Structure formats: structure tokens, C-alpha cells
Amino acid sequence: MANPNCGKLVYCTRTVPEMNSVMEELGVVLGYRSEQLKLDRESNNASVGEGGDDVSSQQGLLGDVNMADAADNNNASSSPKPKKRKRIYGPKKSNNARENMGPCQTDANGSGGNGTLALCLSSRRNMCINERVLRESDRESIDAACRSMTAPWALERAKKKSSGLGGELEEEEEEGQQQQQQSNAETCTYYDGFKSAGEATSMPSGIYDLEALRKWGKGKNWCPYYLTRQAINHASVLVFNYQYMLDPKVAKMVSKELESESIIVFDEAHNIDSVCIEAFSVTIQSRHLEQATRSLGRLTSEVNRVKASDSARLQQEYQNLVNGLVDQGLLDTDPSEAGLASNVLSPDVINESVPGNIRRAEHFIAFMKKIVEHLKARLRTVTGPSGGVTSETPLAFLHRMITTTSLEAKPLKFSYSRLSSLLRTLQVPNLDDFNALTDVADFASLVATYSEGLPRFAIIMEPTVGGTPNPGIQLACLDSSLAIAPLFKRFGSVVITSGTLSPIDLYPKLLQFEPCISASFNMSTFRPCIHPLVITRGSDQLPVSTKFQDRGDMGVVRNYGK
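To start, this report covers the structure provided alongside it. This is a predicted model, so every value here is computed, not measured.

1. Remarks on the overall build of the chain
The helix and strand tally for the chain stands at 27 helices and eleven strands. Within the span of the chain, comprising 562 residues, buried residues form 43% of the whole. Sequence separation of at least 24 residues holds for 76% of the intrachain contacts in the chain that already meet a minimum separation of 6. Accessible surface, the chain: about 30400 Å² in total, of which carbon and sulfur atoms supply 51%.

This is the structure:
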């Protein structure tokens with residue numbers, strides 16, 4: 001942080017408790033650093049005040065070498081020695097670990113000043129302070145409720161209602177269930193306060209964990225989630241979850257403006273290859289395909305409604321698709337529409353316009369129906385008499401899909417982006433209702449994009465998924481470097497560390513990079529270590545297992561001991 005050529009320090013953790021622990025430790029370290037710098041300033045001021053001449057001023061400001069030169073030239077034996085200040089060699093212990101959280105008490109500078117601003121960012125579920133949104137049961141419902149209150153179209157409708165134009169809106173709302181949901185959803189007061197503050201929404205220097213962000217945002221009547229996203233550009237230290245850097249859907253919106261000089265640290269990274277693989281893997285079950293079919297029917301109804309009420313909106317979307325994804329805005333998604341970000345975009349998808357056969361909304365819906373029906377037919381062969389677990393390469397799977405459905409490979413690459421554009425144009429309030437359909441579009445885009453060259457994916461079809469008689473098809477990523485390679489290319493300093501990163505030579509091979517520095521440190525302990533004991537069966541000869549689904553088995557519980 002003291003180096004002006006260094007960018008931000010981005011510290012990636014796995015869980016929210018680890019994130020809060022990092023912020024508490026950072027508060028202790030920075031508090032100790034601030035105290036030591038204060039003692040240095042007091043010592044220098046005391047040295048300058050005792051001298052009274054130019055020589056003693058140099059003694060307090062120029063260091064030991066200049067002090068010795070000045071002493072030789074000006075009779076150092078008669079000069080008073082500066083007082084030796086008391087130095088603290090370790091951070092003070094405190095019973096209250098949260099005393100360093102929040103704005104700095106001794107530094108009134110804002111985020112653009114000289115003070116340090118450290119922020120952590122998590123999902124809406126962990127940062128929201130709106131009581132109505134927090135009444136929802138799970139993360140998806142909270143995201144949907146927040147979007148229905150903060151989306152641009154929701155704010156526009158609320159503005160029209162407040163200006164006395166609600167009569168016409170009420171007639172439109174009777175035409176569909178979506179408009180009824182929009183009429184019942186008010187805007188968020190905290191988001192409105194954040195937007196109305198405009199450029200005044202700056203944060204003072206300090207250390208903010210999730211609790212401190214919620215408390216400070218509530219006091220200012222500002223949404224802490226969107227406030228943190230805006231303040232990222234001004235922060236010195238950022239604490240993220242792995243997905244905010246590795247998952248392309250989130251990384252393009254959260255970390256797109258980080259400087260290339262930033263230092264990226266992945267802590268507890270012994271499973272980082274699994275996180276990278278998970279970011280590019282897609283699993284679709286038969287029930288998901290049925291849900292996707294229902295979603296396509298709903299999209300058809302919404303398209304017909306918009307055609308009757310606001311056909312110019314669809315025409316404008318068509319023109320944007322002709323110009324390309326850049327003009328459509330799909331490469332710079334609004335923060336309130338996190339679910340619409342693209343997972344993967346190949347260079348030809350970015351630089352070219354959307355193919356003509358899927359520009360019209362009704363044509364694209366028919367296009368997606370063919371994909372869904374083809375996946376259903378493939379899963380029926382798995383559950384048949386001669387079925388079983390099968391595996392194919394993306395090229396073989398794509399060739400069979402094209403032969404069966406008469407679809408083209410190029411439009412398949414645009415499936416995910418085209419669906420995102422349509423959902424945004426239709427102003428869908430609840431994106432979670434279309435999760436299954438977005439998975440199908442993501443599946444098609446990935447298969448078409450990575451079908452050529454060395455196989456980086458494997459398509460696995462099996463009659464049972466997760467121990468249930470529900471057939472499924474999985475696009476399994478085989479190359480963990482796909483997710484992390486953009487980080488190595490963009491940032492100059494990426495640190496991967498863990499206490500169990502062993503064997504250390506394996507990870508550069510898995511992630512396909514050449515480490516500049518690779519080091520391991522011996523671990524020392526000052527307490528008696530627990531000797532490991534491997535047990536496969538209990539006293540009654542029943543297998544002992546740590547699987548989650550076996551934790552309720554009384555035989556396992558009895559063998560482990562209550």
C-alpha cells in the first residue's frame with residue numbers, strides 16, 4: 001500500500017466467516033501500523049524541537065548517516081542526543097475484536113484521501129438491510145426481490161406512478177402476471193437514497209466487514225451492497241469470495257476495473273482447481289428440461305404481450321442485435337442484473353453481430369425449443385433398456401445435435417447472450433424462474449464454443465444423478481486453467497497459498513502457468529499433535545462413513561459415538 005506503483009490488494013477467501021476474520025486481522029495490523037507511524041512522527045518532532053539550529057533539524061530528519069556527518073562538522077560531543085522513543089513490538093491485545101471496524105476515528109479523509117479503505121463484498125443475502133427483502137427464504141428469492149425493487153424499469157414505473165400516470169399503468173398490469181408483480185413491488189428506500197446522493201456517496205477511510213457495512217449504510221440510508229460495488233474503485237484492500245474473481249459471470253461486473261498492477265491473493269487455495277472447474281461446468285436434469293419448456297411458453301406469452309403494448313421495445317432490441325453485443329450492452333451489464341452476465345464469449349461472438357435467424361424473439365424461442373427437445377431425446381436413450389452412463393466429446397455431441405435438429409453451430413454460440421438480451425428487453429422481474437432455461441442456453445454456448453481443438457470438456461449422460469432416479473446430462477470441464485488463465489494474463493501478481501498446498505509442483509501443471517516464485521515453509525507446533533487413526537468399520541462391522549447423506553444413519557452415529 002505504501003508503494004505508489006502497486007494497485008489494490010485483492011484477498012480471496014472461501015466463506016463469509018473467513019472473510020470477517022480477515023477483516024478483523026487487517027484492522028489489528030493497520031491499527032498497529034498507524035500507531036507506529038504516529039510514534040515516528042512524535043519522535044521526529046521532538047528531535048527537531050530540542051535542536052534549535054539547522055544541524056539538529058538535520059539530525060531529526062535525515063537519518064543516521066547525515067547525523068554523523070553533521071556531528072563531525074559541528075562538535076557533536078556538545079549536541080544533545082535525541083530522546084529514544086518507546087517502540088511497541090507487537091499489536092496490542094484487545095478483548096473487543098471489532099474496535100477497529102468501521103470508519104477511521106483519527107483520519108477524516110474520504111476514500112480518495114491518504115487513509116486506507118478496506119472493503120469486503122458478498123451476496124445480497126449477507127449485505128441487504130431492507131426488511132422486506134430479508135423476509136425471503138433463500139438467496140435466489142432475495143436476489144429476485146431486490147431486483148424487482150432496484151431494476152431500471154421498476155424505478156421508471158415508480159416514477160410514473162408518483163407523477164400521476166398510474167391510471168394507464170394499471171390497465172397494462174391486468175394483461176399479465178408479470179405486470180401484477182411489478183405493481184405490488186415498491187422501490188427500496190436504501191437504494192433510492194444511494195442513487196439520490198449521487199457523487200456524494202463516498203466512504204471515509206476505514207476497515208469495513210459485512211456487519212460494519214450494514215451498520216454504516218443503515219445510518220446513511222444507503223444500500224451497502226451497491227455502495228460497496230461503487231466504492232471498489234477507491235478501495236486499497238478488497239476481500240472477495242473466489243467466485244468474484246474466477247466465475248466469469250460475476251468477475252466481468254465486479255473486478256473488471258481493477259488495475260493490472262493489483263495483487264491477487266488466493267488463500268486456502270488447495271481446492272482452487274475444483275472451483276475453476278465448477279465455474280465452467282453445467283448439469284441439466286430431466287426436471288430442469290421440463291421447467292425450461294414451461295419457461296419458453298411463458299416467454300412466448302410475454303413476447304406477444306409486449307408486441308401488443310410496446311412493439312418499439314422489441315424493434316430497438318433487434319436493431320441493437322444487428323449492431324452487435326457491444327451496442328446491445330451485454331458486455332457491460334448493469335450491477336442490478338447480475339444473472340444476465342455471459343459465462344463465456346469467444347472473440348467472434350464479441351466482434352460480430354447476432355445471426356439473423358435468432359434476432360427475432362419468436363425465432364429465438366423456436367430455436368431454443370429445438371435444443372430442449374433434443375436434450376430430452378438424448379436423456380430418453382440413457383434411461384432405456386440399452387441405456388447407461390455414456391460419455392461424448394463436445395464435437396461428437398454437437399455433430400449429432402446439428403444432424404438431428406438442422407441447427408447451425410454459430411447461432412448456438414450466441415444462445416446465452418441472446419437469452420440475456422430477451423429477458424432484459426421483456427423486463428422479467430424474477431430471473432430465478434428462468435434458471436433452467438439459462439442453464440440450457442449456457443450449455444449450448446459452451447458446447448459450440450469449445451467443440452474444436454483439444455477436448456476441454458466431456459459430456460456425461462447418466463440415468464441417475466445424485467442418487468435419485470432422475471436422468472441428467474453434465475457438461476464437465478476438464479481444464480481448470482480456463483477460469484484462471486485470464487487472471488494470469490491480466491494481473492502481474494497472482495499469489496496462490498495454502499497450508500496444505502501439496503505437492504506444490506502439481507498446481508502449476510493443473511492451472512497451466514509458470515510460477516515466478518515457488519516456496520514452501522516448514523511448520524512448527526508448540527502443542528502435542530493428535531495422532532491420526534484410520535477406522536473403516538465399527539465394532540459391529542458396519543462401515544464408518546463421513547458422507548453427508550450417511551450422517552443420519554444411527555449405525556454410523558453409534559460407531560462414532562454421540
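2. Quick word on the sheet that holds strand E8 (residues 390-392)
Pairing is antiparallel in the open sheet, where four strands are placed in the order E7-E10-E9-E8. Here the strands that pair on one side only, and so sit at the sheet edges, are strand E7 (282-285) and E8. Between one strand and the next, the sheet's axes are offset by a mean angle of 15 degrees, whatever the strand orientation. Examined bridge by bridge, strand E9 (residues 457-462) and strand E10 (residues 472-477) share six bridges and lie antiparallel to one another. Each residue of the ladder has a partner; that of Phe-457, found in E10, is Cys-477.

3. What about the packing of aromatic side chains?
Inspection of the entire model under this criterion finds eleven aromatic pairs. Each ring, one from Tyr-191 and one from Phe-194, has its centre 6.3 Å from the other, and the planes form 40 degrees; the classification is tilted. Of the two residues, Tyr-191 and Phe-194 both sit in helix H10 (residues 189-197), three residues apart, roughly one turn of that helix. Under the relative-accessibility criterion, Tyr-191 is labelled buried at 7%. Considering the side-chain rings of Phe-364 and Phe-367, the 6.4 Å spacing of their centres and the 20 degrees angle between planes classify their relative orientation as stacked.

4. As for the nonpolar core
Grouped together as the largest cluster of nonpolar side chains are 119 residues, with contacts concentrated most on Met-245, Phe-266, Ile-272, Leu-299 and Phe-443. By residue number, the principal contributor to this core is helix H20 (residues 361-382), which donates ten residues. The residues contacting Phe-266, other than those within four sequence positions of it, are Cys-12, Tyr-242, Met-245, Leu-246, Ile-272, Leu-487, Val-494, Val-495, Ile-496 and Thr-497.

5. Description of the environment of Lys-509
Take Lys-509: it is sitting in helix H26 (residues 506-511). Residue class for Lys-509 comes out exposed when judged on its relative accessible area of 65%. Along the primary structure Lys-509 and Ser-481 are separated by 28 residues, whereas in three dimensions their C-alpha atoms are 9.3 Å apart.

6. Observations concerning the packing of H20 against helix H24 (residues 435-449)
Interaxial distance between H20 and H24 falls to 11 Å at its minimum, and their mutual angle equals 85 degrees. Here H20 is positioned roughly perpendicular relative to H24, judged by the angle of their axes. Taking contact as the criterion, the partners of Met-368, Ile-371, Val-372 and Leu-375 in H20 are, on H24, Leu-437, Val-440, Ala-441, Phe-443 and Ala-444. Of the residues belonging to the contact of H20 with H24, the class tally is nine nonpolar, no polar and no charged.

7. Quick look at the side chain of Asp-273
Relative to the helices and strands, Asp-273 is located in helix H15 (residues 272-279). The buried charged residue Asp-273 lacks any salt bridge, with Arg-14 as its nearest oppositely charged partner at 10 Å. When sequence neighbours within four positions are dropped, the list of residues in contact with Asp-273 reads Ser-480, Tyr-507, Leu-510 and Leu-511.

Criteria and cut-off values
- Residues numbered from 1 in each chain as written.
- Predicted model: local features only at pLDDT ≥ 70, side-chain atom pairs only at ≥ 80, totals over all residues.
- Heavy atoms only, no water.
- Helix = DSSP H or I, 4+ residues; strand = E, 2+ residues; numbered from the N terminus.
- Buried < 20%, exposed > 50% of the residue type's maximum accessible area, 1.4 Å probe, protein only.
- Contact = heavy atoms within 4.5 Å.
- Areas by Shrake-Rupley, 256 points an atom, 1.4 Å probe, with all protein chains shown as cover.
- Pairing = 2+ DSSP bridges.
- Axes fitted to C-alpha atoms, helices over the stretch in contact; angles between N-to-C directions.
- Phe/Tyr/Trp six-rings, centres within 6.5 Å; stacked < 30°, edge-to-face > 60°.
- Core = buried A, V, L, I, M, F, W, Y, C linked by side-chain atoms within 4.5 Å.
- Parallel < 35°, antiparallel > 145°, perpendicular 65-115°, else oblique.
- Nonpolar A, V, L, I, M, F, W, Y, C, P; charged D, E, K, R; others polar.
- Lys, Arg positive; Asp, Glu negative; His and termini not counted.
- Salt bridge = Lys/Arg side-chain N within 4 Å of Asp/Glu carboxyl O.

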